[in-house]
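# Structural overview
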Amino acid sequence: MMSFDGPAPALASRVEFDSPSKPRTEKKKKKRKKVRKSDPNLFTLDISKYCAPSADIHPNSKMVICSNCKAVMTSVSTLQDGNSWICDFCGTPNLDLQLEGFTKPKSDDITFLLKKPEVVAAKDKAGENHNVIFVIDISGSMGTTKEMNHIDANGRHTRTYVSRLDAVKKAAEFQIRQLKDESPNIKVGLVAFGSNVEMYGDCHSEMVEFKRDVLNDTNQLTRKAEDLKNLKPISKTFDKVIKTLNKLDVRGNTALGPGLWSALVMASSVKGSKVIICTDGCANNGIGTLPDDYADELEITACRDVYKGFGNYAKDNNITVSVISMEGTDCKLVHLGTVAQMTGGTVDIVNQANLNDQFGNILTSRTVAVDVMVYLCLHHSLYIRDRDNLAVQSSTKQDQLGNVTEGMDMVVEFGVKTVSNENEAPMDISEEDQQTGTLAAGMAEAPAAAGMTEAAEGKFDFDGPQKSTPVSAENVFVQNITGEEVSSSSSQQPSSSQPSKLPFQVQVKFTTRGGEEYLRAVTIIRECTDQRAKAEHEMDLDVVGAATSKTVSEMGLAGQYENAMFALKAKKNMSVRRKIQPQCDSLEFEVEALGNDTDDEYYMDDLSDLQGVLSEQRRVTKAQLAAAPTSKSESAYSHYVSDSVANVYYDRTNKAMQKFQKRKASKK
């Protein structure tokens, strides 16, 4: 993973995942699976670290962008004749720039102020004024009790039975009380769902109840929820909110989907808002009703689309959604958790006694920016790998993230383009368009931003442990994870002439909580290598380990556990090669000590832990297939992921680098 303080990337090739071949016998021949050989051509993006202006700030009018790939000119760019720029990334000639009085940026990390806020919203002493919506399950199962420790007024320890709902109410009340004391301008809303959905808003208006006849009608749900969007600060509503909270009682089944949608609409009035769902069961009433264990592919796809729709609405409105479920229950988190994963929230299974701590963790997780868009621009000889569309080889990538919380990251994998793609004209540009402009002229439709992992000092580690980026003169077999080649055309071979250095640019467009809108662009130049052994020897195992954990977990959540197994084994094999290769005399580079062997042990142990989770997923899928009432293919049941397994996956996809290093520290 090239975090730019991460590992050195290498080239992509083809490898067999099977163990070393054994002598063949006539009785049994084992079919071998072939997959793309794993490499460290990847990097992490810690987006939260780039949602703040750099030291080098310029007005919007000073930004010059490529008319084709939208790369931003920085200190590494070269002006020709003082008025033309051949783009360092796509090679497009940007002519007649009319740069009189223009001074080329002196930094490779520059920030442009795009817009100042017209009106700065009033903030409390904690600097927050967003919405926090508690979405509480009041279905019949929330009345289930559990024996818990209790300390009375005299400090004596006693044992008492507490229902799940009572535990939720107690934890929520404690956190709401803290919000009133520490962030009085935050606005708190309540939504409860059982057989019906009860929208209380800030509890100053009459409760709106959605009954069965409208629970599948998003238009009616939206219209009613819109009436309760304008919440008042908790400093003014605290007493009524607590009184309403404590009156909640269990009844009926689980209209979770309508409850969640109503809460999202309510939260959408303020950017940076949070929605916290607390439930112990599967959605079985209204929109978002979850399929049973033997549902067909159409039902599963339709259900996933509903929760992806919830996630997209939340992202578009800068809402972070977090999900809390109870130990020993089945909520089908693999579906419900999608909304949290898409919005940078968390998914947790907790003991009733730990509810207060988890509520607190969610509420103290700081939103650093809203309206965040990420844009990554690579040299035209490279492409960004897209697991969902392996045939596409694009050198740019855009993501709209909405809210970004502290530690939020993403993983980008890349490879070397084939000759046929590399030699394509990047875009048909007329002579009049062969010039760059400012944001106002050319950036309106341009993607906005991406960020890379920073060193502890807040800057890129340009001279980090690895200095190489992948370029190969060898044949590159672009394959999907099952070993099926994307293109077997002999004409599609990598270029035999590759530069010795390549540029990478990350852009992050964001709006601060104060309302300022910025675009931050960071460019670095990396040396290239066509020696896989060199790149693997220099890779940073923390970066590769975090990226592997994240991407493999995402495959598991998508039901692609077999593909995830192959990818996991490939990363393990890469680590084994890393230790073996320096012992060979044929290496064409100077070998340095690998350092502490325990780093390799932590890396391999962590991947082994994940392999165990994948094995459990496969076991459950096989069991589902065996118990199926009708004959179906195995893929029809690969969507079934138990809540315990889904919880592990979601934990590894959220703040991957932080979580990997935390797991590593716990093993020391």
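What you see is a predicted model, and the numbers here were worked out from it, not measured in a lab.

Quick look at the environment of G286 now. With respect to the helices and strands, G286 occurs in the loop between β15 (273-279) and α5 (297-316). Between the C-alpha atoms of G286 and L215, which are 71 residues apart in sequence, the distance is 4.6 Å.

Aromatic rings in a pair are described by how distant their centres are and how their planes are angled relative to each other. As enumerated under the stated definition, the model contains eight aromatic pairs in all. Ring geometry for Y307 against F310: centres 5.4 Å apart, planes inclined by 85°, an arrangement best described as edge-to-face. A residue pair is termed a helical-turn pair when its members lie 3 or 4 positions apart in one helix, as Y307 and F310 do in helix α5 at three residues. Across the pair, F310 and Y307 agree in class, each one buried. When the centroid spacing of 5.5 Å and the interplanar angle of 65° are considered together, the rings of F414 and F504 count as edge-to-face. Note that F414 is positioned in strand β21 (residues 409-416) and F504 in strand β23 (residues 501-511), a separation of 90 residues in sequence. On the basis of relative accessibility, which here comes to 0%, the residue F414 falls in the buried class. Over the face of the ring belonging to F238 we find K180, whose NZ or CZ atom lies 5.1 Å from the ring centre.

A separate point is the environment of T254. Within the secondary structure, T254 sits in the loop between α3 (234-247) and α4 (256-267). Taking the C-alpha atoms as reference points, T254 and G194, separated by 60 residues in sequence, lie 4.8 Å from one another. Each residue touching T254, except ones within four places of it in the same chain, is listed here: D137, S139, F193, G194, T279, G281, C282, A283, N284 and N285.

Here we come to the pairing of strand β8 (residues 109-115). Summarising burial for β8: five of the seven residues are buried, a large majority. Taken together, the six bridges between β8 and strand β24 (residues 517-529) define a ladder with antiparallel strand orientation. Looking at β24, one finds that F112 is bridged to L519.

Summary statistics for the protein give a mean pLDDT of 77 and a share of 76% for residues scoring 70 or more. The low-confidence segment residues 122-127 (pLDDT under 50) makes 13 contacts with residues lying over four places distant or belonging to another chain. Counting contacts from residues 420-496, a segment whose pLDDT is below 50, to residues more than four positions away or on other chains yields 218 contacts.

Attention now goes to the pairing of strand β16 (residues 319-326). When you tally the buried positions in β16, you get eight out of eight residues, the bulk of the element. For β15 and β16, the ladder comprises seven bridges, and the chain directions are parallel. The partner of S273 across the bridge, within β16, is I319. Note that β16 and strand β17 (residues 347-350) share four bridges and pair parallel. Bridged to V323 within β17 is V347. Taken together, β16, helix α6 (residues 333-343) and β17 constitute a β-α-β crossover, and its handedness is right-handed.

Quick notes on the rules
- Residues numbered from 1 in each chain as written.
- Predicted model: local features only at pLDDT ≥ 70, side-chain atom pairs only at ≥ 80, totals over all residues.
- Heavy atoms only, no water.
- Helix = DSSP H or I, 4+ residues; strand = E, 2+ residues; numbered from the N terminus.
- Phe/Tyr/Trp six-rings, centres within 6.5 Å; stacked < 30°, edge-to-face > 60°.
- Buried < 20%, exposed > 50% of the residue type's maximum accessible area, 1.4 Å probe, protein only.
- Lys NZ or Arg CZ within 6 Å of the ring centre and 35° of its normal.
- Contact = heavy atoms within 4.5 Å.
- Pairing = 2+ DSSP bridges.
- pLDDT = per-residue confidence, 0-100.
- Right-handed = clockwise from strand over helix to strand, strands pointing away.

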